[in-house]
Amino acid sequence: MDGTRTLTAGTVTAEVLPYGAHLVRLDLPDRHGVAASCTVALGAAADYRDRSQNPYLGAVVGRWANRIAQARFPLEYLPVEVVPNEGPHQLHGGPEGWDRRDWEVVEQTDARVVLALVSPDGDQGFPGTVTATVTYGLSTDGDGRTVLELVMAATA
């Protein structure tokens with residue numbers, strides 16, 4: 001898929017799309033050693049930009065995962081109003097949440113990719129600047145099995 005970053009370790013392959021930090025493919029061997037994808041995926045990278053085809057498949061959403069009722073919440077006793085995108089509510093960070101952003105590839109090896117995103121103060125109505133990183137990595141555990149690791153971190 002155009003624009004994806006491919007990770008490999010042993011018989012496992014993963015594909016990550018920097019747009020939305022989407023995990024778009026994960027190929028694992030079955031009990032006979034035949035690799036097959038175990039993800040629900042779209043046909044082309046461009047399809048991930050079309051919300052009608054891709055509500056949130058494999059994406060990293062943010063700043064908030066889930067629904068904020070009435071698109072508002074209290075913060076230190078003061079009301080914060082965020083941008084609604086599901087009727088009067090906000091879902092998964094708003095209409096231009098992190099799943100709708102081009103993340104920067106800051107590091108890549110054969111088995112690991114690190115993506116970064118800066119969400120400025122006021123983004124989708126949220127206060128404060130947040131710097132987020134997402135790391136997808138393939139590694140081998142002590143039993144020789146390949147493991148997909150997803151590490152998310154954010155600082156405000």
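Note that the structure is a prediction, hence the values are computed from the model and not measured.

(A) The overall build of the protein, seen in detail. Looking only at helices and strands, the protein has zero helices and 12 strands in total. The secondary structure elements of the protein, listed N-terminal to C-terminal, are β-β-β-β-β-β-β-β-β-β-β-β. Projecting the C-alpha coordinates of the protein onto the three principal axes gives extents of approximately 55 × 30 × 25 Å. Across the 156 residues of the protein, 37% fall into the buried class. Considering only contacts in the protein between residues 6 or more positions apart, those separated by 24 or more positions represent 47%. For the protein, the computed accessible surface area is about 8600 Å², with 53% contributed by carbon and sulfur atoms. A gap of 4 Å separates the mean positions of the 12 positive and 20 negative side-chain charges of the protein.

(B) The arrangement of the sheet that holds strand 4 (residues 35–37) in detail. Ordered in space as 1-2-3-4, the four strands form an open sheet in which the pairing is antiparallel. Looking along the sheet, the strands with just one partner apiece sit at the ends: strand 1 (5–9) and strand 4. In this sheet, adjacent strand axes meet at a mean angle of 20° when their direction is disregarded.

(C) Looking closely at the pattern of salt bridges. Per the counting criterion, the structure on display carries nine salt bridges. For Asp99, the salt bridge goes to Arg100, with nearest N and O atoms at 3.1 Å. Across the pair, exposure class does not vary: Asp99 and Arg100 are buried alike. Linking Arg101 and Asp123 is a salt bridge whose minimum nitrogen-to-oxygen distance equals 2.6 Å. Highlighted residues: Arg101 in the loop between strand 8 (90–91) and strand 9 (104–109) and Asp123 in the loop between strand 10 (112–119) and strand 11 (130–140), separated in sequence by 22 residues. Residue Arg101 shares its accessibility class with Asp123, and that shared class is buried. Where salt bridges share partners, they join Arg51, Asp99 and Arg100 into one cluster.

(D) Highlighting the nonpolar core. Core analysis: the largest hydrophobic core is formed by 20 residues, its most contacted members being Leu7, Val16, Trp103, Tyr136 and Leu138. Elements with a contribution of two residues or more to this core: strand 1, strand 2 (12–17), strand 3 (22–29), strand 10 and strand 11. Counting residues per element, this core draws most heavily on strand 11, at five residues. Not counting residues up to four positions away in its chain, the partners in contact with Tyr136 are Leu7, Val16, Ala21, His22, Leu23, Gly58, Val60, Ala111, Arg112, Val113, Glu149 and Leu150. Among the nonpolar cores identified, the runner-up in size contains six residues, and Val24, Leu42, Ala45 and Tyr48 belong to it.

(E) Molecular detail of the sheet that holds strand 9. What the four strands build is an open sheet, ordered 9-10-11-12; its pairing is antiparallel. Each of the sheet's edge strands pairs with one partner strand only, and the pair in question is strand 9 and strand 12 (146–155). Each strand axis lies, on average, 10° off the axis of its neighbour in the sheet, ignoring direction. Where strand 11 lies against strand 12, 10 bridges are found, and the strand directions are antiparallel. In the sheet register, Gly137 faces strand 12, and the bridge partner there is Glu149.

Rules behind the numbers
- Residues numbered from 1 in each chain as written.
- Predicted model: local features only at pLDDT ≥ 70, side-chain atom pairs only at ≥ 80, totals over all residues.
- Heavy atoms only, no water.
- Helix = DSSP H or I, 4+ residues; strand = E, 2+ residues; numbered from the N terminus.
- Buried < 20%, exposed > 50% of the residue type's maximum accessible area, 1.4 Å probe, protein only.
- Contact = heavy atoms within 4.5 Å.
- Areas by Shrake-Rupley, 256 points an atom, 1.4 Å probe, with all protein chains shown as cover.
- Lys, Arg positive; Asp, Glu negative; His and termini not counted.
- Charge placed at Lys NZ, Arg CZ, Asp CG, Glu CD.
- Pairing = 2+ DSSP bridges.
- Axes fitted to C-alpha atoms, helices over the stretch in contact; angles between N-to-C directions.
- Salt bridge = Lys/Arg side-chain N within 4 Å of Asp/Glu carboxyl O.
- Core = buried A, V, L, I, M, F, W, Y, C linked by side-chain atoms within 4.5 Å.

The analysis is restricted to geometry; functional conclusions fall outside its scope.
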